[in-house]
Amino acid sequence: MDSPVVAQPKPYLVTLERGRAYFWCACGRSGRQPFCDGSHKDTGIEPRRFVAARTEEVLLCGCKHTRGGPFCDGAHTNLPGGSPLDDPDSPANRAIPLVTETDGPRRWLDGGCFLIRPEAAPKACCGSLRHCRIVGTELGARHQTQFLLEAEGGTPPVSVGVSEAILLVSSGRGELVLSGRTFPVQARDGVYLRPRETLELVPSPGESLKVFLLASPPAALEWPAGRSDHFDGRFPQRVVAVDPAQRTGMGPRFFQILVDKRVGSGVATQFIGHIPRSKAAPHRHLYEETLIVLSGRGCMWTETRKAAVAEGDVIFLPRKQLHSLEATCAEGLSVVGVICPGDNPSINYYD
Ligand code: FES
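Topic: the domain arrangement of the protein
Item 1. Annotation of the protein at the domain level lists domain 1 (1–82), domain 2 (93–104 + 246–340) and domain 3 (124–240).
Item 2. Each of domain 1 and domain 3 was reduced to a C-alpha centroid, and the two centroids are 41 Å apart.

Rendered as structure tokens:
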């Protein structure tokens, strides 16, 4: 059997029609990419027939190295030409202005993309819990609401109703109590909260806890009179720690999945990733994304604007928005992201 050839080291964005059958080119030789034109004859490679379950935009693999054919699974990012870089000092890029004007704690880029510095956002209090809303539908999000929670002592129970929540312990050490079940946590842990469960933050003595909470579908914080005892025991693992052995390479970058469907998350996926000093070529995703900058300095680029980012900033990125997150410091950028809907942060596409 011949080997597949790379038709292009990136996926094809196509709109499928519900109920229609397609033949995806698996050999890479078709002149009708990403579909078959019969060129696989004598290669020993057969096209993949599939029927679209719904009418939707999808990314079909162009590199022919996906293990999830016909769909892109990010394998192209580790092939030659699959993770192209961009020169931040090119004449075109130097002409892009740096955004410094603020809208409260936010700076706006193109297409509804914004950066927020949560430290500068006004906080409300409920008992010992300080909180603020940093991403929501009023700011263009379709799949999420995100909050920052800060506690210096044990907090009252809070919930997001029938939504799921993905949390990042941004700093501190202590325990999270999920509907009566106690989980020790530390900085950089990812945590998953099921619908209707309550959350309490209990910092260790002398510590404070800072936690980002993303609710999907979008929801407000609710303050029940007491702790819910409905811990969903079907999903007992709720805390996922950083583990370098679980990293996935993505060109010069790498990431580790934290919270995803393995611990019960239905539509959103959380990951921790690292970007070495570089600027990726501008690209898009079919999912909505938020990124929390854990360390380092960088620059977020969209078509006609760019803004400096630093530790503590949160970036909201609408679906399909062209962008590039550049790491500008020697140690690179560490980020935690949540994509929704989606399960693979390495799937991107280029114009
Ligand atoms: S284009 Fe082949 S895996 Fe993405």
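Moving on from the coordinates now.
Quick notes on the sheet that holds strand 22 (residues 306–310)
Item 1. As summarised here, the arrangement of the three strands in space is 22-21-24, forming an open sheet in which the pairing is antiparallel. Because the sheet does not close on itself, it has two edges, and the strands there are strand 22 and strand 24 (324–327). On average, adjacent strands in this sheet sit at an angle of 25° to one another, irrespective of strand direction.
Item 2. Strand direction decides the pairing type here: strand 21 (residues 297–301) and strand 22, joined by five bridges, are antiparallel. Residue pairing across strands places Arg297 opposite Ala310, the latter belonging to strand 22.

Here's the deal with the environment of Gly266
Item 1. Relative to the helices and strands, Gly266 is located in the loop between strand 18 (253–257) and strand 19 (269–275).
Item 2. We classify Gly266 as exposed; its relative accessible area is 58%.
Item 3. Among residues more than four places away in sequence, those in contact with Gly266 are Glu164 and Tyr192.

Concerning the sheet that holds strand 8 (residues 129–135)
Item 1. Reading across the sheet, the seven strands line up as 7-8-9-15-10-13-16 and stay open at both edges, with antiparallel pairing between neighbours. Because the sheet does not close on itself, it has two edges, and the strands there are strand 7 (124–126) and strand 16 (239–240).
Item 2. Judged from the three bridges that link them, strand 7 and strand 8 form a sheet pairing that is antiparallel. Opposite Cys125, over in strand 8, you have Arg130 as the bridge partner.

Some points on the pattern of salt bridges
Item 1. Inspection of the entire model under this criterion finds 21 salt bridges.
Item 2. The shortest N-O distance in the salt bridge between Arg194 and Glu164 comes to 3.8 Å. Remark: Glu164 occurs in strand 10 (residues 164–171) and Arg194 occurs in the loop between strand 13 (190–193) and strand 14 (199–203); sequence separation between them is 30 residues.
Item 3. With relative accessibility at 12%, the residue Arg194 sits in the buried group.

Quick notes on the packing of aromatic side chains
Item 1. Per the stated rule, a full pass over the model turns up seven aromatic pairs.
Item 2. When the centroid spacing of 5.4 Å and the interplanar angle of 35° are considered together, the rings of Phe114 and Phe316 count as tilted. Note that Phe114 is positioned in strand 6 (residues 114–116) and Phe316 in strand 23 (residues 314–317), a separation of 202 residues in sequence.
Item 3. We classify Phe114 as buried; its relative accessible area is 0%.
Item 4. Look at Phe255 and Phe271: their rings are 6.3 Å apart centre to centre, the planes differ by 80°, and that puts the pair in the edge-to-face class. Residue Phe255 is found in strand 18, and its partner Phe271 is found in strand 19; the two are separated by 16 residues along the sequence.
Item 5. Its relative accessible area of 6% is what places Phe255 among the buried residues.
Item 6. One aromatic cluster in this structure is built from Tyr22, Phe35, Phe50 and Phe71.

Focus: the nonpolar core
Item 1. In this structure, Ile134 and Phe212 are the most contacted members of the largest nonpolar core, which totals 27 residues.
Item 2. Put simply, the parts of the chain that give this core at least two residues each are strand 6, strand 8, strand 10, strand 15 (209–216), strand 20 (288–295), strand 23 and strand 25 (333–340).
Item 3. Two domains each put at least three residues into this core: domain 2 (93–104 + 246–340) and domain 3 (124–240).
Item 4. In this view, Phe212 contacts Pro118, Ile134, Gln146, Phe147, Leu148, Ile166, Leu167, Leu168, Ser170, Ile292 and Val314; residues no more than four positions away in its chain are not counted.
Item 5. With 25 residues, the next largest nonpolar core counts Leu201, Leu209, Ala215 and Phe231 among its residues.

Thoughts on the state of the cysteines
Item 1. Counted according to the given criterion, the structure contains zero disulfides.
Item 2. Cys132 takes part in no disulfide bond, and the closest cysteine sulfur to it belongs to Cys125, at a distance of 11 Å.
Item 3. Since its relative accessible area comes to 4%, Cys132 is described here as buried.

About the criteria used
- Residues numbered from 1 in each chain as written.
- Predicted model: local features only at pLDDT ≥ 70, side-chain atom pairs only at ≥ 80, totals over all residues.
- Heavy atoms only, no water.
- Domains from an automatic or database assignment.
- Pairing = 2+ DSSP bridges.
- Helix = DSSP H or I, 4+ residues; strand = E, 2+ residues; numbered from the N terminus.
- Axes fitted to C-alpha atoms, helices over the stretch in contact; angles between N-to-C directions.
- Buried < 20%, exposed > 50% of the residue type's maximum accessible area, 1.4 Å probe, protein only.
- Contact = heavy atoms within 4.5 Å.
- Salt bridge = Lys/Arg side-chain N within 4 Å of Asp/Glu carboxyl O.
- Phe/Tyr/Trp six-rings, centres within 6.5 Å; stacked < 30°, edge-to-face > 60°.
- Core = buried A, V, L, I, M, F, W, Y, C linked by side-chain atoms within 4.5 Å.
- Disulfide = S-S within 2.5 Å.

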